[in-house]
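An overview of the molecular structure
Here is how the chains run, residue by residue.
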Amino acid sequence: MKRNILTLPLLLLTTLTLGSCAGTSTSGGGTSTSYPSIDEWEDDSVDDIVTDGAGNVVFDDVEISMWSVTTNPDSVYQDQIIDEFNRAYEGQIHVTVYHESRYSIFSNLVSTVAQDPENAPDLFYGYGERIASLVDNDIFVPMGPYLEMADIGFDRNNFEKALIDNCYIGDMLYGIPYGVDSAIIFARKDILEENGLAVPTNLTELADVCDALVDKAAAGELMIRGEDSDNAGAGDVYAWRKYNPTLEGTYYPFPISSGDMWINAYVAQTAVYQNGGSLVREEDGHANWNSPEAEKGLQILRDFLYPTATSVNRHPFSKADLNYDAGVTEFLRGTGVFKLDGAWSGYTNYTLMDNMYGKDGGAKENLAIINLGNMLTTDNTTSYSKTIFGDSHAASIVSSTTSRTKRVAASILANYLAENSGGVWTQAGHLPASLIVQNSHDLYLDNEYYEKYVQYYGSPSQYVTALPTKYYDEVSDSFSVALKAAMASTYKDRPIADILQENYEDCELRISDREDL
């Protein structure tokens, strides 16, 4: 039996009232007015639309496949949302989801659309900042016409400006943003308080706290506790002891690695933006990180490892040249106070501290969560000092989907994901792109996971992503090479400006080679 699309209270973006405390986007995000451009688009789908007497699109057991960049634990929460969608649209639209790592899913999507289009997804859930590059490869089609056919009241003004702007190429919408996330600093509040220190709120305070921790450790006065402490029995993580510099060596309060996703994908970029720079040149989509502002940001990160007479810190925060996932063991043992992790790890880290210190106040008394705002700049008075660079999750319609009915159904699913970016998705630690969700007590502000940890992640209005560019891979990859060189002990005496310029020239060559193909 054919059924009309349901008229449900799930269409929250059209039925809820926008609160008065919605923030505005900081500088650095958004879309270019002149780049990228595309040829005039014509709908190439097969017109198999069936409507009822009122002109509403009719869906009859339409099967939609979605590929998603989310993996465990995010995939568990996203699957719950998809299950809710399937129940709400039972008999009309049914979605099957496939999850794959960010390190392979994008290349897999491009090759599947080109070589095996019948097995390509109908909807792709990836990153908003990559949309321009994928549109340039003819992977996505505009979503706007299908949202109009769905007639569900989509309005771009109901979304965080920086995140929705990145879904537009010219004046055409190619995706709907779901949320945004970044790296988060987790801190052992119990150790800080035991040593008479406060949780830092900016870079200067972080440097002062880390220097004090190192000084106390060197003097044999630093009190620590945690798993595998020398004087703690099996299962006893409550026994305080003094750090022994003779046996345990130099104390490093904040182990970091440029090979980590946290530094490589979020922290270094945040340092650029918090010092007034950006990653992408607006007028043509080329790299924009060969600048004094980017140099200043990367110098701050280099100083974390190799402090100088002019750096904000006197002691190294971390050993140099550490491997991936630096700081995890030290954080649990108490031999380190700070560690970087993904925003999606809030639930895991909070639960872990609850289990470790449940008899001693749990995570609430022993764990502090610090967002990156003001943590990578020495000047907290600028309009961009609180800016945080993140990934924007967005859903787009894949070009190999030829059925117009499927494209309309996929647009409804994309909109549903945005409307449900509170609730269970809050547990995953992602901040909602929807302004209505942001300001809803039922959907977000009264959520137990928001109250536990997400509230400390900062406002979504602080977050930016790279400007849309078809050269996303070239710009991002070359910056990553520059970052790792800037933080490597091998190049610690080489000026960062030289490293940036060398890799900028390499980026330009890669772009030129691409254009010559």
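Along every chain, residues carry numbers that run from 1 in the direction the sequence is written. Reporting in this predicted model follows two pLDDT cut-offs: at least 70 for local features of residues, and 80 or more for side-chain atom pairs to be given and counted; totals over whole chains, interfaces and linings ignore these cut-offs and use all residues. Each side-chain value is worked out from all heavy atoms of the structure, with water and hydrogens disregarded.

1. Re the confidence of the model for the protein
Applied cut-off: The quantity called pLDDT is the predictor's confidence in a given residue, expressed from 0 to 100. Contacts between residues were defined by any pair of non-hydrogen atoms, one from each residue, lying within 4.5 Å.
Across the protein, the average pLDDT comes to 91, with 91% of residues at or above 70. Note that pLDDT drops below 50 for residues 1–38; the model gives that stretch 103 contacts with residues more than four away or on any other chain.

2. Re the side chain of Ser 403
Selection criterion: Numbering of helices and strands starts at the N terminus; helices are DSSP runs of H or I of at least 4 residues and strands are runs of E of at least 2. By the criterion applied in these results, polar contacts are pairs of N or O atoms within 3.5 Å in which, for protein atoms, one can donate a hydrogen and the other can accept it, and in which residues neighboring in sequence qualify only through two side-chain atoms.
Residue placement: Ser 403 occurs in the loop between β15 (391–397) and α15 (404–419). Here the side chain of Ser 403 touches Asp 48 through a polar contact of 2.6 Å, side chain to side chain. Setting aside residues up to four positions removed in sequence, Ser 403 forms contacts with Ser 45, Val 46 and Asp 48.

3. Details of helix α2 (residues 74–88)
Applied cut-off: Between the first and last residue of a helix there are one fewer steps than residues, each counted as 1.5 Å, and that sum is the expected span. Only protein chains enter the accessibility calculation, which uses a 1.4 Å probe; a residue is then buried when its area is under 20% of its type maximum, exposed when over 50%, and partly exposed in between.
In a regular helix each residue adds 1.5 Å, so 15 residues correspond to 21 Å; α2 covers 21 Å between its end C-alpha atoms and thus fits that length. Those residues of α2 lying buried are Asp 74, Ser 75, Tyr 77, Gln 78, Ile 81, Ile 82, Phe 85, Asn 86 and Ala 88.

4. Here we look at helix α8 (residues 203–218)
Between its first and last C-alpha, α8 extends 22 Å over 16 residues, near the 22 Å set by a 1.5 Å rise per residue. Leu 203, Leu 206, Ala 207, Val 209, Cys 210, Asp 211, Leu 213, Val 214 and Ala 217 are the residues of α8 that are buried. For α8, the N-terminal cap is Asn 202; the gap from its side-chain oxygen to the backbone nitrogen of Thr 204 is 3.2 Å.

5. Comments concerning the pairing of strand β13 (residues 367–370)
Under the convention used in this document: Think of it this way: DSSP has to see at least two bridges between two strands before they count as a pair.
Of the two faces of β13, the one lined by Leu 367 and Ile 369 and the one lined by Ala 368 and Ile 370 are each fully buried. Of the strand pairs in this sheet, strand β9 (residues 183–188) and β13 are connected by 4 bridges, and their pairing is antiparallel. Its bridge partner lying in β13, Arg 188 is registered against Leu 367.

6. Re the sheet that holds strand β4 (residues 93–99)
Ordered in space as β4-β3-β5-β15-β8-β16, the 6 strands form an open sheet in which the pairing is mixed. Pairing within the sheet leaves two strands with one partner each, and these edge strands are β4 and β16 (431–432). As paired strands, strand β8 (residues 176–181) and β16 are joined by 2 bridges and run antiparallel to one another. Across the sheet, Val 180 pairs through a bridge with Leu 431, a residue of β16.

7. A look at the side chain of Asp 122
With respect to the secondary-structure elements, Asp 122 resides in the loop between α3 (105–115) and β5 (123–127). According to the relative accessible area criterion, Asp 122 is buried, its value standing at 7%. In this structure the side chain of Asp 122 is engaged in a polar contact, spanning 2.9 Å, whose partner is the side chain of Thr 401. When sequence neighbours within four positions are dropped, the list of residues in contact with Asp 122 reads Glu 63, Ile 64, Ser 65, Ser 396, Ile 397, Val 398, Thr 401, Lys 406 and Ala 410.

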